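# A structural walkthrough
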Amino acid sequence: MRLEQLQAFLAVAETGNFQQAAQRCGVSQSTISRQVQSLEATVGISLFHRQGNTKLTVGGDRLLIHAKKICQIWSSAEQELFDLQAGKQTELCVAGIPSACAYQLPPILQKFSKAYPNVQLRVTTLGSDRALKVLKDGLIDIAIVMNNPFLTASSEMVVEKLYEEKIQLLLAVNHSLCRKESLTWKDLHNVPQAVFKDGYGLQRLVQDQFNRQGLRLNAALELNSLEAFRGVVKQGSLVALLPETFLVEITHDPDLIVRSLNEPCLTREIVLVTTSDRIQIPPIQYFCKLAAQMIQQEIPVALKSAL
């Protein structure tokens, strides 16, 4: 049973005439007849009385209700796909790391909303690894995250590098490490630290660096927001390794200080990720281009002004 057979059957049933049904469908009368005959052969029962006026048989009357539903469902599906191609998407879901959601996304969201006022934006703060997993599962459309080649290497992923930034040390001005003129990774061996929660790429990046140095990362507390890190580190006992963009607003806080570590310099790469099928949808394509353009322009300026 094919859709065109049901459409032909429905046209004949509603017009009561094979010729009028052919005109409605834009095909020849012989084509309509073949479609109906083929459908009758498939279901094994006559659908129309062909003597006198074209009327439905008992079997045709039973099929009519279902044929209407099937054709309506197909029409709705066809319209949704057309709307999707035309950019009439009802919502766009974005997941980003905390620094992106706090500092980089707000102006992008505002500009996008002006271009697509009928698209509802949904923004969620997630760790990089978690965001990439839910993107792959189809739960979000775009992720702005720290790159993880193990999760972005598949052919379905579309990845654009946004920027690269250093990982620096945040500590209170009265912390004992402030007395050292220069800091090395060895200075952080077993020092109590506030770290990002599991699932955040930065936690994995920092842990890997400690492992390579043969040092112990003393993760005394897990957090996931700038304000939380700021408040905890101010107390004086904990330090935190955080990215530059996360520290921009802290540089002028008299109770806190940001220090760089000697070689090796630890950096992270921030990328925008979507999928090959989503990038073809106009609102998603526009958002990706807009975000890449605005972030790549804004980040160097923001970091420079913080110096």
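Residues numbered from 1 in each chain as written. Predicted model: local features only at pLDDT ≥ 70, side-chain atom pairs only at ≥ 80, totals over all residues. Heavy atoms only, no water.

Here we come to helix 1 (residues 3-15). Taking 1.5 Å of rise per residue, the 13 residues of helix 1 would be expected to cover 18 Å, and the 18 Å separating its terminal C-alpha atoms lies within 8% of that figure. Along helix 1, the residues that are buried comprise Q5, L6, A8, F9, L10, A11 and V12. Taken from the residues just after helix 1, G16 is the one with a positive phi, measuring 75°. (Helix = DSSP H or I, 4+ residues; strand = E, 2+ residues; numbered from the N terminus. Expected span 1.5 Å × (residues − 1). Buried < 20%, exposed > 50% of the residue type's maximum accessible area, 1.4 Å probe, protein only.)

All told, the structure shown has 13 salt bridges when counted by the stated rule. The residue R204 makes a salt bridge to D129 at a minimum N-O spacing of 3.0 Å. Highlighted residues: R204 in helix 8 (residues 201-213) and D129 in helix 6 (residues 128-136), separated in sequence by 75 residues. The class of D129 is buried, set by a relative accessible area of 12%. Salt bridges here are not isolated pairs; linked through shared partners, they connect E227, R230, K234, D253 and D255. (Salt bridge = Lys/Arg side-chain N within 4 Å of Asp/Glu carboxyl O.)

The next thing to look at is the side chain of D129. Within the local environment of D129, its side chain forms a polar contact with the side chain of N148, the two groups lying 3.1 Å apart. Within the local environment of D129, its side chain forms a polar contact with the side chain of R204, the two groups lying 3.0 Å apart. What D129 contacts, discounting residues up to four positions off in sequence, is N148, L151, G199, G201 and R204. (Polar contact = N/O pair within 3.5 Å; in protein donor to acceptor, adjacent residues only side chain to side chain. Contact = heavy atoms within 4.5 Å.)

A word on the packing of aromatic side chains. By the definition in use, this model includes eleven aromatic pairs. Taken together, a centroid distance of 5.4 Å and an interplanar angle of 50° make the contact between F9 and F48 tilted. One end of the pair, F9, is in helix 1; the other, F48, is in strand 1 (residues 48-49), and 39 residues separate them in sequence. Like F9, the residue F48 is buried in the burial classification. Ring geometry for F196 against F229: centres 4.9 Å apart, planes inclined by 50°, an arrangement best described as tilted. Taken together, the positions of F196 in strand 7 (residues 192-196) and F229 in helix 9 (residues 226-234) put the pair 33 residues apart, joining distant regions of the chain. Given a relative accessible area of 0%, F229 falls into the buried group. Aromatic ring contacts, followed pair by pair, group F112, Y116, Y286 and F287 into a single cluster. (Phe/Tyr/Trp six-rings, centres within 6.5 Å; stacked < 30°, edge-to-face > 60°.)

Every buried residue belonging to helix 9 is among L226, F229, R230 and V233, and all of these are buried. Viewed along the axis of helix 9, the buried residues span an arc of 100°, placing them on a single side of the element. Two residues or fewer after helix 9 comes G236, characterised by a positive phi angle close to 105°. (Arc of directions from axis to C-beta.)

So, on to the pairing of strand 4 (residues 120-125). Pairing analysis gives six bridges linking strand 3 (residues 91-96) to strand 4, with the strands arranged parallel. Across the sheet, L92 pairs through a bridge with L121, a residue of strand 4. After leaving strand 3, the chain enters helix 5 (residues 98-115) and then returns to the sheet as strand 4, a path that is right-handed. (Pairing = 2+ DSSP bridges. Right-handed = clockwise from strand over helix to strand, strands pointing away.)

If you look at the biggest cluster of nonpolar residues, it comprises 73 residues, and the most contacted ones within it are L241 and F287. Discounting chain neighbours no more than four positions away, the residues touching L241 are I167, Q168, L169, W185, L188, Q193, L202, V206, F210 and L261. Grouped together as the second largest cluster of nonpolar side chains are 18 residues, F18, A22, I32 and F48 included. (Core = buried A, V, L, I, M, F, W, Y, C linked by side-chain atoms within 4.5 Å.)

Cis geometry is adopted by the peptide bond preceding P264, which originates at E263 and carries an omega value of 0°. The residue P264 is located in the loop between strand 10 (256-259) and strand 11 (267-275) in this model. Unlike most non-glycine residues, N190 shows phi in positive territory, near 65°. Note that N190 resides in the loop between strand 6 (157-172) and strand 7. Overall, the relative accessible area of 37% leaves N190 in the partly exposed class.

Taken N-terminus to C-terminus, the directions of helix 2 (residues 18-25) and helix 3 (residues 29-43) make an angle of 100°; their axes are 8 Å apart at the nearest point. Judged by the angle between their axes, helix 2 and helix 3 are roughly perpendicular. Here F18, Q19, A21, A22 and C25 of helix 2 come into contact with helix 3, specifically with Q29, I32, S33 and V36. Residue classes in the contact of helix 2 with helix 3 are distributed as six nonpolar, three polar and no charged. (Axes fitted to C-alpha atoms, helices over the stretch in contact; angles between N-to-C directions. Parallel < 35°, antiparallel > 145°, perpendicular 65-115°, else oblique. Nonpolar A, V, L, I, M, F, W, Y, C, P; charged D, E, K, R; others polar.)

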